[in-house]
Amino acid sequence: MAIQAVDSLPHQMTEEQYRQLPEDVSREIEVVHGHVILCESPTPEHNRIARRLAGAMEDLPSTEPCIRAETDIGVVLWRVPKFTFRRPEVTVYRSLDQPGDKPEAGDALIVVEVSSPSTAAEDLLDKKAQYARVGIPLYLVVMLDTKY
């Protein structure tokens, strides 16, 4: 199945279909319980905060032998009963063996969502429960102050 444009995506998707997407399309979605969710385009402030957090977190001391901190990388939460992955703004995870591999929930040590008023409910409720369900040790939510 070759899908080229976000507007032509199906409402539901398997992991195999997701893996066949071009990278520029796959970076614009999350899949939750098999349902495709289009990600809102972040503001420059949102990206700046995520980038700075990732840099600071990568420099933190760790008991893990090697960690990575990335922005906007997909993390597979579970495959059964239906494929679910999220794309936190920052993910701190154990280094993976193969270059190009993406972390799974068991690799993640910290996930951070930079929240805006339009995503606050999902960030504070749904994602919190999902990250806890898969045992991610630390979930942080950064609330943007919309007054400034």
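None of the values given here were measured: they were computed from a predicted structure. (Residues numbered from 1 in each chain as written. Predicted model: local features only at pLDDT ≥ 70, side-chain atom pairs only at ≥ 80, totals over all residues. Heavy atoms only, no water.)

Undergrad: Please clarify how the pairing of strand 2 (residues 35-38) should be interpreted in this entry.
TA: The side chains of a regular strand alternate between both faces of the sheet. Pairing geometry for strand 1 (residues 29-32) and strand 2, over 4 bridges, is antiparallel. When the bridges of strand 2 are listed, V31 appears paired with V36. Connecting strand 1 to the antiparallel partner strand 2 that follows it, the hairpin turn spans 2 residues, and H33 within it adopts a positive phi of roughly 55 degrees. (Pairing = 2+ DSSP bridges. Helix = DSSP H or I, 4+ residues; strand = E, 2+ residues; numbered from the N terminus.)

Undergrad: Can you walk me through the layout of surface pockets in this structure?
TA: Sizing a probe to match a water molecule and rolling it over the atoms shows the empty space that remains. Counted as a void, the largest pocket has a volume near 660 Å³. Lining the largest pocket are 33 residues, and of these C39, E40, P42, H46 and E89 sit closest to its centre. Of all the secondary-structure elements, those providing two or more residues to the lining of the largest pocket are strand 2, helix 3 (44-58), strand 7 (108-115) and helix 4 (120-133). Sort the elements by how many residues they give to the lining of the largest pocket and helix 3 lands first, with 5 residues. Split into classes, the residues belonging to the lining of the largest pocket amount to 9 nonpolar, 9 polar and 15 charged. (1 Å grid on protein atoms, 1.4 Å probe; cavity = no way out; pocket = protein on both sides within 12 Å on 5 of 7 lines; lining within 4 Å. Points joined across faces, edges and corners; volume = space filled by probe spheres on them. Nonpolar A, V, L, I, M, F, W, Y, C, P; charged D, E, K, R; others polar.)

Undergrad: Got a minute to help me understand helix 4 in this structure?
TA: Since the α-helix packs 3.6 residues into each turn, any two residues three or four apart lie on the same face. The end-to-end C-alpha separation of helix 4 is 19 Å, in line with the 20 Å expected for 14 residues at 1.5 Å each. For helix 4, the set of buried residues is A120, D123, K127, Q130 and Y131. In the core, the buried residues of helix 4 are packed alongside strand 1, strand 4 (75-78), strand 5 (84-86), strand 7 and strand 8 (138-143). At the C-terminal side of helix 4, G135 shows a positive phi close to 80 degrees. (Expected span 1.5 Å × (residues − 1). Buried < 20%, exposed > 50% of the residue type's maximum accessible area, 1.4 Å probe, protein only. Contact = heavy atoms within 4.5 Å.)

Undergrad: I keep staring at the packing of aromatic side chains and nothing clicks. Help me out?
TA: The geometry of two aromatic rings is summed up by the distance between their centres and the angle between their planes. Applying the stated criterion across every chain yields a total of 4 aromatic pairs. A centroid spacing of 5.9 Å and a plane angle of 40 degrees characterise the contact between Y18 and F83, whose relative ring orientation is tilted. Of this pair, Y18 sits in helix 1 (residues 15-19) while F83 is found in the loop between strand 4 and strand 5, placing the two residues 65 residues apart along the sequence. Taking the relative accessible area as the measure of exposure, F83 reaches 5% and is therefore buried. Their ring planes at 40 degrees and their centres at 4.5 Å tell us that Y18 and F85 sit as a pair that is tilted. With Y18 in helix 1 and F85 in strand 5, this pair connects stretches of sequence that are 67 residues apart. Across this residue pair, the class does not change: Y18 and F85 are buried. (Phe/Tyr/Trp six-rings, centres within 6.5 Å; stacked < 30°, edge-to-face > 60°.)

Undergrad: Explanation requested: the sheet that holds strand 3 (residues 67-71) in the structure shown.
TA: In a beta sheet, neighbouring strands pair by backbone hydrogen bonds and run either parallel or antiparallel. Spatial strand order, 3-6-7-8: 4 strands in an open sheet with mixed pairing. Every interior strand has two partners, whereas the edge strands, strand 3 and strand 8, have only one. On average, each strand axis in the sheet is inclined to that of its neighbour by 15 degrees, with strand direction left out of account. Two strands pair when backbone bridges link them, and strand 6 (residues 90-94) and strand 7 are joined in this way by 4 bridges, in the antiparallel orientation. Across the sheet, Y93 pairs through a bridge with A108, a residue of strand 7. Together, strand 3, strand 6, strand 7 and strand 8 form the strand contacts of helix 3, whose direction differs from that of strand 3 by roughly 175 degrees. (Axes fitted to C-alpha atoms, helices over the stretch in contact; angles between N-to-C directions.)

Undergrad: Any chance you could explain the side chain of E30 here in plain terms?
TA: Positionally, E30 belongs in strand 1. Of the residues examined, E30 reaches a relative accessible area of 4% and is grouped as buried. Of note is the side chain of E30, whose polar atom sits 2.7 Å from the side chain of R86. The contact partners of E30, leaving out residues within four places of it in the chain, are H35, V36, I37, C39, F85, R86, R87 and K127. (Polar contact = N/O pair within 3.5 Å; in protein donor to acceptor, adjacent residues only side chain to side chain.)

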